[in-house]
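# Architecture at a glance
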Amino acid sequence: MADHKNHAEHAEAHLREKHLMLDPLPRGKMNEMVMESMTEKPTWKFWLVFAVLSVITAYGLFYSWGVMIAEGLGVAGVNRPAYWGIFLVNTVFWIGISHAGTFISAILRVFKAEFRRPFTRAAELMTTFGLVQAGFSIFMHMGRVWLSYWLMPYPNQRMLWPNFHSPLSWDLLAITTYLLSSTMYLFLPLIPDVAMARDRSTGWRKTFYKVLALGFRGTEGEWTHLRNAMNIFAFAIIPVMFSVHTIVSWDFAAAMRPGWNSTIFGPYFVVGALHSGMGAVIIVLAVIRSTMKHMKYFIRAEHFDAIGKLMLIISMTWAYFFFNDYMVQWYGGDKWTKQLFHFHEAGPLGWMWFAMLIFNVAIPWAILWNPKWRSTPWLVAVVGIFINIGMWFERYIIVPISLTINRMPFTWRLYEPGIEIPLGIGTLTFFILLYMAASKLIPLIPVWEVQEGQMAHELKKFGRETVVTVSELE
Amino acid sequence: MAESNVVDILAVFPDLEPAADAIEHLRSLGIHDECMNIISGIPVTEAMLGRPSQWTNVPRIAMGGAILGFLGGVFLAFVVPYMYPYPIQVGSQYPVPGPPTVVVLFELTMLGMLLSTFLGVFLDSYFPNYRPMKYVPEISDGKIAILVECSHVEEKKITDALNKLGAESVKPAEAQHL
């Protein structure tokens, strides 16, 4: 009898240790932990990384862009036949990264996946910052960036309107819609947390949070309006997310080119976006867990396990779409498509094609099937890094490598990037810089959502077994 | 009730249960639901506290925005092609082709809806509002506050009742800068 009791108590203690939702702390304590994680004095390592990234960003993004504006697009490697180079590879890549925030925050919210609660904001921040880099990449690709306002629909003296029947104009609409809506979706659930930060700050931080909190107190009316708006956003932003990457895929699929003209490109791109996005989320979570104070309480092995499962499923789905796209085009037997496939696999960058498959499929499958490995933060983060490299390779294969082979062999020429390389690195370092700055300014953990989840969870006994139960509070 | 006779009392409760009991008791003392406001650090539903449903205009504003967005899409997809000094022929497409029109209508409808949902929260909640307000910072530590509007005559009776019902603090509410 005593043995049974001890065993039950041990099982209960284990469940509480494992699940954040079953391990509640007083709200005041959690607020304090989140505030400390933001306001603790940055270490010399933080400043060193920040300084190095700032220098790289200043050179890679701003100086190099200045050079390109002054010298013209000729300093980039884009030329006949590959007019689309790394700028568009990066555009697709960053839009892909941005999909993770919406996936985690909206889809998992709609399906009431409770494990999402502590890291929705970390993922949403990635969406907004990723879209900023995507926007930069598009503007770089334009070359004459000062004329970018020509894309906007406004009545001008020459009566020149953008052609809204062109996929490139849909890009403008879709990316603008997604950037605005994901930023608003980031901000709405942030309001109660910045109000909490306002109540606990002094000096410039107090003013900063006061402005951001907009006067939020937490009245019944305010919560009702916020809850309604978040529900509308959670449902409505999902089709917007799907539309963005589908439209990006149409930039390629609507062209009658070998390797591009595929009806499956829409879902293939969306799944690819989720693949790289989830990989990026896991990297970010592993980094903030190991570098920020108190984050080990909020982000636990259970979260890596849950995201690891999602990554495995998405990897399988990506492999399915990849094979489907490959199989149908290969079976079609078109002369130019065969040439292109041969170039992908046996051309000078054939290693990239094989690396793509190894990084996107073989490595995730080999590691993520194992629950123990899947729950090891650094290991899942390494898988995330491989996936992101693999997905970048995939975009590189689709864009400049596929453009090399066309129906006019006399134009075939391998794309050799020029200033695109520092510019691309600059977007990556700028993304990390934005994230580092945000981690010191914005509560990365949505404390009120965590507390709400903890209220809803409890342990219940069924016979001799103790199980986790969740109540529906909304 | 003359304006000068009205006082606001702010009672802070440690938990949901005593707050719900206090609301019920206040009602039995003759305080109407409109004279109470609940302030909390997490979204406590009306049902949990036995309060009447809160009205929100957010869904209607969202619908209005969706309609406006759709009309914007109609303008770009159906009107703009005829505003060029010369027609732009894309492949063998009509001036207003079906599938691309769907894309434009979809994106602008969603943009209109989401923008107006966001603005709806601002309009309904009177955001931003930086005037002094009745509030205590303990609320964001997970406490639940009841803001009661009553007459001077009732103040003592209500304060005593709230104290008896487990309030951690009961005091006249003072507007302060947050």
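For the structure itself, look to the data block above.
First, a word on scope: everything that follows refers to the structure included in this document.

### A few points about the overall build of chain A
When helices and strands are counted, chain A shows 18 helices and two strands. Computed over the C-alpha atoms, the radius of gyration of chain A is 24 Å, within 12% of the 23 Å expected from 2.2 N^0.38 for a compact globule of 474 residues. Considered along the principal axes of its C-alpha atoms, chain A spans approximately 85 × 55 × 45 Å. When each of the 474 residues of chain A is scored for burial, the buried share is 45%. Look at the contacts in chain A between residues 6 or more apart in sequence, and 80% of them connect residues 24 or more apart.

### Observations concerning the pairing of strand S4 (residues 144-151) of chain B
Residues and elements named next belong to chain B. Bridge count between strand S1 (residues 6-13) and S4: eight bridges; the pairing is antiparallel. Pairing of Ile 9 across the sheet is with Val 148, part of S4. In this structure, strand S2 (residues 36-40) lies alongside S4, joined through five bridges in antiparallel fashion. Within S4, the position partnered with Ser 40 by the bridge is Ile 144.

### Examining unusual backbone geometry
In the segment running from Arg 80 of chain A into Pro 81 of chain A, the intervening peptide bond is cis, with an omega of 5°. Within the secondary structure, Pro 81 of chain A is located in the loop between helix H3 (44-71) and helix H4 (86-110). Despite not being glycine, His 294 of chain A has its phi angle at roughly 70°, a positive value. Note that His 294 of chain A resides in the loop between helix H10 (265-291) and helix H11 (295-298). Phi at Tyr 126 of chain B is positive, roughly 55°, even though this residue is not glycine. For Tyr 126 of chain B, the location among the structural elements is in the loop between helix H4 (98-125) and strand S3 (133-134).

### Description of the interface of chain B and chain A
Taken together, the 54 residues of chain B in the interface contact 50 residues of chain A. Breaking the side of chain B that touches chain A down by element, the ones donating at least two residues are S2, helix H3 (58-79) and H4 of chain B. Classifying every residue of the side of chain B that touches chain A gives 36 nonpolar, 13 polar and five charged.

So, how was this worked out
- Residues numbered from 1 in each chain as written.
- Chains lettered and ligands numbered in written order.
- Predicted model: local features only at pLDDT ≥ 70, side-chain atom pairs only at ≥ 80, totals over all residues.
- Helix = DSSP H or I, 4+ residues; strand = E, 2+ residues; numbered from the N terminus.
- Rg over C-alpha atoms; globule rule 2.2 N^0.38 Å.
- Buried ≥ 20, exposed ≤ 12 C-beta atoms within 10 Å, placed from the backbone.
- Contact = placed C-beta atoms within 7 Å.
- Pairing = 2+ DSSP bridges.
- Nonpolar A, V, L, I, M, F, W, Y, C, P; charged D, E, K, R; others polar.

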